[in-house]
Amino acid sequence: MIEGFRGLAQKSQSQRKEMDFLILFLIYVALSLSCMVVAIKFSRQCQECFARISHRMTQMIGPVIPRWLQVAVQMALHRLIYQRNSFFLALHLVLEVAVYGEYSWEVFPFCLELGFTFSILLLPYILMLGKMYFFYLCCTSDPGIISITNHKRLLKVYAYDGILYQRACICSTCKLVKPARSKHCRVCNRCVHRFDHHCVWVNNCIGALNIRYFLLYLVILLGMAAAVGTVTVSFLVHVALMSNLPQAMYVNNDGEHVPVGILFIVQKLFLTFPRILFMLGFTLLSFFLLAGYTTFHLFLVMTNRTSNEWYKKNNYRCHGDNSCPKRPRWGHLYHKGFITNMKEIICPVTSQKIFR
């Protein structure tokens, strides 16, 4: 396999083929990035935006689509977005199987042939086992459901800030006074203590009791993408160096021998290992998006905020009087220092009042 690849490196390539490859590769990157951004938007409480777009599209194309088909599509979308379902959970597992399938089928044996350290090659599998454990906990654990039995106790955990959380605010569905920092999830149809968000990827709410599992899940998932991407990039670099691709030449339209560029090297690798390059592109995009999302949640933890509070903070303003409570330097009532904030995540506060 490697010897045949060395022979390919010596053949000339035209500028037109390079441009065709570049266009196809950019289209692939754009489509992959767009799909992942849309998927993350779903997990960031953008159902209202999607509903507006869906309504506008229905108005535009509604007259030419049969009524029964419109109703069927609307019912399917409503169930997919506004009700608990396993679609994104299954999609998550399918994408993971696809990545690890390609890694096990081609990258792993090729790396063994090139003499990679066995422990390095096993690292993605070890991380996957840890990820599956915390993924299971995120899917099945209680996020902090507020019920009649624990309602009075949870009312004493956090103080009402008078901005985002008001006293004597009753949930119209659960018929209970909302404790501070809680929210009724319309997808799960229940109130959750220290509500962060509803994650479609685990088909569960993220709240006071499972935010620690969710953070570990994100960190390990990020490590998985980094491990798979690092091993794959190292393999491709080894192949390129062994094939002397950086020193290869090609004949341009003027008949001159010109050193190849990075685009030529990527094109050669793509034509020889197309599935590996597709897998690598998806993995790298996942890594950068996960890195930003994980960093965002770690920032929220350090400042003792939730996603729900972060997204709603600009919708609430204090009046011109002195009715707003004094807030600490970080601009949030519940911020009590980095160490205390971390302890609250590791050992959730559910029984005593710590904010007075």
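The rules behind these values
- Residues numbered from 1 in each chain as written.
- Predicted model: local features only at pLDDT ≥ 70, side-chain atom pairs only at ≥ 80, totals over all residues.
- Heavy atoms only, no water.
- Salt bridge = Lys/Arg side-chain N within 4 Å of Asp/Glu carboxyl O.
- Helix = DSSP H or I, 4+ residues; strand = E, 2+ residues; numbered from the N terminus.
- Buried < 20%, exposed > 50% of the residue type's maximum accessible area, 1.4 Å probe, protein only.
- Patch = residues over 30% accessible without salt bridge, like charges linked within 9 Å, V, L, I, M, F, W, Y side chains within 5 Å.
- Areas by Shrake-Rupley, 256 points an atom, 1.4 Å probe, with all protein chains shown as cover.
- pLDDT = per-residue confidence, 0-100.
- Contact = heavy atoms within 4.5 Å.
- Core = buried A, V, L, I, M, F, W, Y, C linked by side-chain atoms within 4.5 Å.
- Expected span 1.5 Å × (residues − 1).
- Bend = angle between axes of the 7 residues up to and from the residue.

1. Some details on the pattern of salt bridges
And step 1. For the coordinates displayed, the defined rule picks out six salt bridges.
And step 2. Notably, a salt bridge pairs Lys-131 with Glu-96, separated by 2.6 Å at the nearest N-O pair. Taken together, the positions of Lys-131 in helix H6 (residues 118–140) and Glu-96 in helix H5 (residues 87–113) put the pair 35 residues apart, joining distant regions of the chain.
And step 3. Look at Lys-131 and you get buried, because its relative accessible area is 0%.
And step 4. Given a relative accessible area of 11%, Glu-96 falls into the buried group.
And step 5. Across the pair Arg-194 and Glu-344 runs a salt bridge, and its minimum N-O distance is 3.5 Å. With Arg-194 in the loop between strand E2 (190–192) and strand E3 (197–199) and Glu-344 in helix H12 (residues 338–346), this pair connects stretches of sequence that are 150 residues apart.
And step 6. Arg-194 sits in the buried class, given a relative accessible area of 3%.

2. Things to note about the environment of Ser-172
And step 1. Here Ser-172 shows up in the loop between helix H7 (151–154) and strand E1 (183–185).
And step 2. For the pair Ser-172 and His-184, spaced twelve residues apart in sequence, the C-alpha separation works out to 9.2 Å.

3. So, a nonpolar patch on the surface
And step 1. Residues Met-302, Phe-338, Ile-339 and Met-342 make up a contiguous nonpolar surface patch of about 360 Å² in total accessible area.
And step 2. Looking at the nonpolar patch, the element that brings in the most residues is H12, giving three residues.
And step 3. Looking at the secondary structure, you find Met-302 in helix H10 (residues 274–302).

4. Some points on the confidence of the model for the protein
And step 1. Per-residue confidence for the protein averages 79 on the pLDDT scale, and 72% of its residues sit at or above 70.
And step 2. Contacts from residues 351–356, a stretch scored under 50 in pLDDT, to residues over four places away or in other chains number 16 contacts.

5. What about unusual backbone geometry?
And step 1. In this model, Arg-181 sits at a positive phi of 75°, which is unusual for a non-glycine residue.
And step 2. Counting through the fold element by element, Arg-181 comes out in the loop between H7 and E1.
And step 3. The exposure class assigned to Arg-181 is buried, which follows from its relative accessible area of 0%.
And step 4. For Asn-203, which is not glycine, the phi dihedral falls at a positive 55°.
And step 5. Structurally, Asn-203 is set in the loop between E3 and strand E4 (204–206).

6. Focus on the nonpolar core
And step 1. With 52 residues, the main nonpolar core has Tyr-103, Val-202, Phe-214, Tyr-217, Phe-235, Leu-236 and Phe-273 as its most contacted residues.
And step 2. With 15 residues, the single largest contributor to this core is helix H8 (residues 211–242).
And step 3. The next biggest cluster of nonpolar side chains, apart from the first, holds 13 residues, and it includes Ile-146, Val-157, Tyr-165 and Cys-191.

7. Some words on H6
And step 1. With 23 residues, H6 ought to run about 33 Å at 1.5 Å a step, and its terminal C-alpha atoms sit 34 Å apart, in line with that.
And step 2. The sharpest bend along H6 reaches about 30° and sits at Pro-124.
And step 3. The set of residues buried in H6 consists of Leu-121, Pro-124, Lys-131, Phe-134, Phe-135, Leu-137, Cys-138 and Cys-139.

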